[in-house]
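Read off the chains here:
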Amino acid sequence: MTFTALTLLFLVPVQTTSPPIETSNIHTQVYSGLVDADAQIVGVAGGMLWLNGTSSFQGSRVWCLPALGAAPQNIVAPIHSAAPIVTSELQAVLALPDGTVLLDVKYDGELVRPPRRLFATTGPTSNLVDLGVGSQSDLFLVGNRAYFEGVDPDGFVDLWSTDGTPAGTQVEVDLPAHFVDGNVLDVHVIGQRFVFRWLDGSTRLVAVPITGGQITPLMALDPTAPFVDTLAGGKVVFATGTPATGVEVFATDGTPQGTGILKDLVGGPGSSFHNGLIGNGNVAYFLANVSGLGLELWRTDGTTAGTVATPELVPGPSSSFPTFTTLTGTFIGDALVHVLPGFIDSKVRITDGTPAGTLTLATGTNPSLKHDKVHFKSVAGGVAFNIGFIGVSPAAWYTDGTVAGTQLLVPPVPTGVNDAAGFTEYGSKIVYRALSMGSSVASGYQVWGSVLGAGTTELVANLGQGPLSASSSPADLFSAAGRGYFSGQLGFPLIYGGKSTFFATDSTPAGFVALGEFSLPSDVLGIIDGRCVFKAESPSTGTGLYVTDGTLAGTKLLKDVKPAGDVELLEGDAGAQLGRYLYFLANDVIHGVELWRTDGTALGTEMVIDLYPGSLDGASNSGGQPLVLGDYVYFNGRSPTTNKFQLWRTDGTAAGTSNFFSAALVDKSVYTFAADGERLWFRTVGSGVHDLWSTTGTEASTTLAATGLSAFSIVVPLGGLAVASRDDGAIAVSPDGSIEQLLPWSLDSAPDCIGSTDHHVYLRRLFDLGLEPGIWATDGTAAGTVRIADHGDHLEPLGSGGLAIFRGFDVDHGSEPWITDGTPQGTHRLFDLVPGPGSSAPIPLGRVGSRFLLQALSVEFGTELHSFAIADIPTYAVESLGVGCGASPTPQLGWSGGALLGASPMAEVRGVTPLGLCQLYLSSLPSATALGSCVVYLADPLPLALGVADGTGAIDFVLAVPQLPALAGLPLYLQALAVAPGSPLLPSLELTNALEVVLAAP
């Protein structure tokens, strides 16, 4: 599809505007200090320090520190114009000899394929160059080129190399077609050969020349046996198991004859290898358990003679290392610095394999040394590491391999910096990430640096600059009678001792009330006599049902359903109201999960029926929460005769509770069910077949509407129909059994429903081979099923008018609130709460009175409750005029992205001749002038943009609407004309329909 950018109305430049809708922060908790961050050091390349970092309002991103004393810079790499990049994480970094830096970036985004991409850059401010290939391995240098396991756009894995340019990125070893679906693991370079592990149905160790050629099998591997490898003595040294030898250490020089076991330490099928195998290219160390020696540290230079035990600390058959040891460490020369954990004390040791070269560098007074989290790293001619003991957080240390040269870099005090990792030499400092709590300098995991011998440590990079906001993280809004209720946090969560609570709001700051401290999320069951009934756990009054009138004084425990126990289980998060009662599922442990009801009083809170006597559950929320249809509450209950969960209903009494099924349903379990006020839809499972049924509450009206649904089918009522899903797509089902397919998909696309209104159901189709991903709205017909956005989730109705608010995404503004009426032209971003590509990550909550509430993240307030006036939402109109002509199918002109001043909507041409020349015209007046068999709907049309249709006959024109107040309310008319390629002097013309667009001020 061809994209042509232009400015609407005579190329007037687009002006930067403030958010079109004024938003109010309802509540905030601001503390002095800086925002939390989580920095992870990847390495130094090109003279720059490369990091992964998560800050509280920017999410997880790739960062770069150009130099000591410089500010860290966020590196953004656009991948897909429609891809909601949730996180980006640097997997590896490597500098080429010419100074080009290669970045292997992993993306957590629904539409990014492949999820790891390789980029090249010459500096943090330089544009990243996409090398056009995915990666699934570390990068390693051979000469002037970097080699890696590459994934092409079709998902095929080969061995690639790059010189840092797209043209110089190529397949070096083209793997045979029958290996395409295999995995390439653990690539090493031995001489002029690649040696790697291959999983292609069988598992083997293989070699192939660097310049390409025949793959040579070296050794068959047992896929169930452990496998670890390293380099030593110019060979690949690896530990694995065979039936003849057990798990032992092997080596290969890249040839079949040079591949075999180094030394069978126990003989026969028994195993000696314990764990470890840490190498530096010359030697490798590992733990082995050998009769007569016990569990000891061994050393190998890649030869049988050079595979020997290091000096024992406990001579004889007793082990020097406890069996729980996980060998970790790194090198100073050929000597290994490692941890020896013990039951009495724990030691940091160094050994070169000789008695004279084996020393204890530090001894812990507590045996609980966290040996598996020491994070050893060779740096500045020695080794940096962190150690910690009970009551003392892990702190940073450095050793040059001597007792005198082993020093503490940072005191392990609670308010200092600790839990150090990722040690790297950068400039004049040893830099590392460490946790700071209670510091006025930085908060969370930041990058710190220490100068050896100077005793100084300072902050090097703070990825969380800005106000420190204690996010309330509001969620689960329930709105009724002009007031909203939701759960949230008071103070910082987790390490800052935040407390969960329950809030009430009238959508104004003054009307925001915290209703008490609750240690579990609070779920609203409903409103009874103007009071909100909710379930929660309070440290002071216990777990149970609570009731509130919206004030702290009026919030109290209604009833503890299980007063004899410590923890009460309340199932489900919603109730159903019938008459003066709310019906819900609860577990009092004595009876299991059953149906209960409450009238808002302690006396009126009671179990309706013990459907399945005893402590086993008689009811379940697996099919959904209880719901009302007519004079009954329907719920998922267990049949005492079949032991299956089926559809039950009750009038609120035990005598009026019965199993609602016909003879055709007796052997089926009921799962998903939903109602639209007049009809109930429910999904059954029997003999592995998923069916959809419909009923109005009588046996005569209960009919099988569809069969063959997917195992996790959605069931959403819509205007007398139900939108459901099969393995091949979404369908609309009528009560009489007629079915219409709405949106195809495959099992790989993981479809789901993001929400619905009275007018539309909104479906999300993710990445799917051959099918376009995005958000689709359906009115229950195939013709009324349209793609409205690239990405979206968390959709909530705005009211009864068919509008909805959802979290949308574009690369220029990140994730922000969007609005839709179920059409492409009626779908657009509402405002940019975090300006630029940063995201406010909004979660629409719902309407309270005349305002709409949403949870959103901002630099100023953190994750808090925001609102905007519904009356402030701009209104515009886009209407189609006439029909197209001159081609088959009929040429069409569509519109998406709204029609607001300062916006960038899209005029979409479809159905013209492929590769034809297409001209978009604009006029301020309509017309109806015949042109052959076609009609021109514009008076005095002016050419607006010119482009060439793609191979499907489509072209999109991106329109930049200027921010000119005089244009608001002005109708504009657009129509497109196309000419087929290679037409004669009197070409055949193709005209689309016209559009009338009435612009609106934001």
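Thresholds, definitions, all that
- Residues numbered from 1 in each chain as written.
- Predicted model: local features only at pLDDT ≥ 70, side-chain atom pairs only at ≥ 80, totals over all residues.
- Heavy atoms only, no water.
- Helix = DSSP H or I, 4+ residues; strand = E, 2+ residues; numbered from the N terminus.
- Buried < 20%, exposed > 50% of the residue type's maximum accessible area, 1.4 Å probe, protein only.
- Areas by Shrake-Rupley, 256 points an atom, 1.4 Å probe, with all protein chains shown as cover.
- Core = buried A, V, L, I, M, F, W, Y, C linked by side-chain atoms within 4.5 Å.
- Contact = heavy atoms within 4.5 Å.
- Polar contact = N/O pair within 3.5 Å; in protein donor to acceptor, adjacent residues only side chain to side chain.
- Patch = residues over 30% accessible without salt bridge, like charges linked within 9 Å, V, L, I, M, F, W, Y side chains within 5 Å.
- Salt bridge = Lys/Arg side-chain N within 4 Å of Asp/Glu carboxyl O.
- Pairing = 2+ DSSP bridges.
- Axes fitted to C-alpha atoms, helices over the stretch in contact; angles between N-to-C directions.
- Disulfide = S-S within 2.5 Å.
- Phe/Tyr/Trp six-rings, centres within 6.5 Å; stacked < 30°, edge-to-face > 60°.
- pLDDT = per-residue confidence, 0-100.

Caption draft 1: Representation of the overall build of the protein chain in the model. A tally of helices and strands in the protein chain yields one helix and 86 strands. For the protein chain, buried positions account for 54% of its 1002 residues. As displayed, the protein chain offers around 40000 Å² of accessible surface, 56% of which is attributable to carbon and sulfur atoms.

Caption draft 2: Looking closely at the nonpolar core. In terms of nonpolar packing, the biggest core is built from 26 residues, with Leu920, Phe957 and Leu974 touching the most fellow members. Counting residues per element, the ones that place at least two in this core are β78 (892-896), β79 (906-910), β80 (917-923), β83 (942-948), β84 (955-960), β85 (971-979) and β86 (989-998). Of all the elements, β85 adds the most residues to this core, at four residues. When neighbours within four sequence positions are excluded, Leu920 is seen to be in contact with Leu893, Ala907, Leu942, Pro943, Leu944, Ala945, Phe957, Leu959, Leu974, Gln975 and Ala976.

Caption draft 3: View of the side chain of Thr307. Following the sequence through the fold, Thr307 ends up in the loop between β26 (294-300) and β27 (308-309). Take Thr307: its relative accessible area is 2%, and that puts it in the buried class. Only 2.8 Å separates the side chain of Thr307 from the side chain of Thr300, close enough to count as a polar contact. There is a polar contact of 2.7 Å between the side chain of Thr307 and the backbone oxygen of Thr303. The contacts of Thr307, once residues within four sequence positions are left out, are Leu262, Lys263, Phe286, Trp298, Arg299 and Thr300.

Caption draft 4: Representation of a nonpolar patch on the surface. On the surface, a nonpolar cluster with roughly 360 Å² of combined accessible area is contributed by Leu915, Leu917, Leu946 and Val948. Relative to the helices and strands, Leu917 resides in strand β80.

Caption draft 5: Up close: the sheet that holds strand β64 (residues 729-733). In spatial order, the strands read β62-β63-β64-β65; together these four strands make up an open sheet with antiparallel pairing. Of all strands in the sheet, those with a lone pairing partner are β62 (715-718) and β65 (739-744), marking the two edges. For this sheet the average axis-to-axis angle between neighbouring strands, irrespective of direction, equals 25°. For strand β63 (residues 721-726) and β64, the ladder comprises five bridges, and the chain directions are antiparallel. From the neighbouring strand, Val723 faces β64, where its bridge partner is Ala732.

Caption draft 6: Inspection of the environment of Thr703 at higher detail. Along the chain, the position of Thr703 falls in strand β61 (residues 703-707). Those residues in contact with Thr703 that lie beyond four places of it in its chain are Leu692, Trp693, Ser694 and Pro735. A distance of 3.2 Å separates a polar side-chain atom of Thr703 from the backbone oxygen of Pro735.

Caption draft 7: A look at the state of the cysteines. Tallied over the entire structure, the rule returns one disulfide. Shown here is the disulfide that connects Cys885 with Cys934, its sulfur atoms set 1.6 Å apart. Taking the torsion about the sulfur-sulfur bond, which here is approximately 135°, the covalent link between Cys885 and Cys934 counts as right-handed. Residue Cys885 is located in the loop between β77 (877-881) and β78, and its partner Cys934 is located in strand β82 (residues 934-938); the two are separated by 49 residues in the primary sequence.

Caption draft 8: Structural view of the packing of aromatic side chains. In total, this model carries 18 aromatic pairs according to the counting rule given. Considering the side-chain rings of Tyr634 and Phe660, the 5.9 Å spacing of their centres and the 90° angle between planes classify their relative orientation as edge-to-face. Residue Tyr634 is located in strand β55 (residues 632-638), and its partner Phe660 is located in the loop between β57 (657-659) and β58 (669-675); the two are separated by 26 residues in the primary sequence. A residue is classified by how much of its surface remains accessible, and Phe660, at 10% relative accessible area, is buried.

Caption draft 9: Just the sheet that holds strand β68 (residues 774-778), in detail. Spatially, four strands are ordered β66-β67-β68-β69 in an open sheet, and the strand pairing comes out antiparallel. Looking at which strands have only one partner, the edges of the open sheet turn out to be β66 (752-756) and β69 (785-789). Neighbouring strand axes in the sheet, compared pairwise and without regard to direction, differ in orientation by 30° on average. Pairing analysis gives four bridges linking β68 to β69, with the strands arranged antiparallel. Directly across from Ala777, in β69, lies its bridge partner Val786.

Caption draft 10: View of the pattern of salt bridges. With the rule as written, the count across this model stands at 12 salt bridges. When salt bridges with common partners are traced through the structure, they connect Asp752, Arg764, Asp793 and Arg807 into a single cluster.

Caption draft 11: How the structure looks around the environment of Gly427. Along the chain, the position of Gly427 falls in the loop between β36 (417-426) and β37 (429-436). For the pair Gly427 and Gly47, spaced 380 residues apart in sequence, the C-alpha separation works out to 8.7 Å.

Caption draft 12: Quick look at unusual backbone geometry. Of note, Leu277 is a non-glycine position whose phi angle comes to about 70°, a positive value. Among the structural elements, Leu277 can be located in strand β24 (residues 273-279). Even without being glycine, Ser687 reaches a positive phi, approximately 55°. One can find Ser687 in the loop between β59 (680-686) and β60 (689-695). Its relative accessible area of 78% is what places Ser687 among the exposed residues.

Caption draft 13: Representation of the environment of Gly916. Relative to the elements of secondary structure, Gly916 occurs in the loop between β79 and β80. Given the relative accessible area of 1%, Gly916 is considered buried. C-alpha separation for the pair Gly916 and Gly953, spaced 37 residues apart in sequence, amounts to 7.4 Å.

Caption draft 14: Just the side chain of Ser694, in detail. Structurally, the position occupied by Ser694 is in strand β60. Here Ser694 is in contact with Arg679, Leu680, Trp681, Ser701, Thr702, Thr703 and Pro735, once residues within four sequence places are set aside.

Caption draft 15: Molecular detail of the confidence of the model for the protein chain. Overall, the prediction assigns the protein chain a mean pLDDT of 79, with 80% of residues at 70 or greater. The least confident element of the protein chain is strand β3 (residues 30-31), whose mean pLDDT is 34; the most confident is strand β22 (residues 246-252), at 95. Below pLDDT 50 for its whole length, residues 1-20 participates in 56 contacts with residues either more than four positions away or in separate chains. With pLDDT under 50 throughout, residues 465-470 is counted as low confidence; its partners more than four residues away or in other chains account for 30 contacts.

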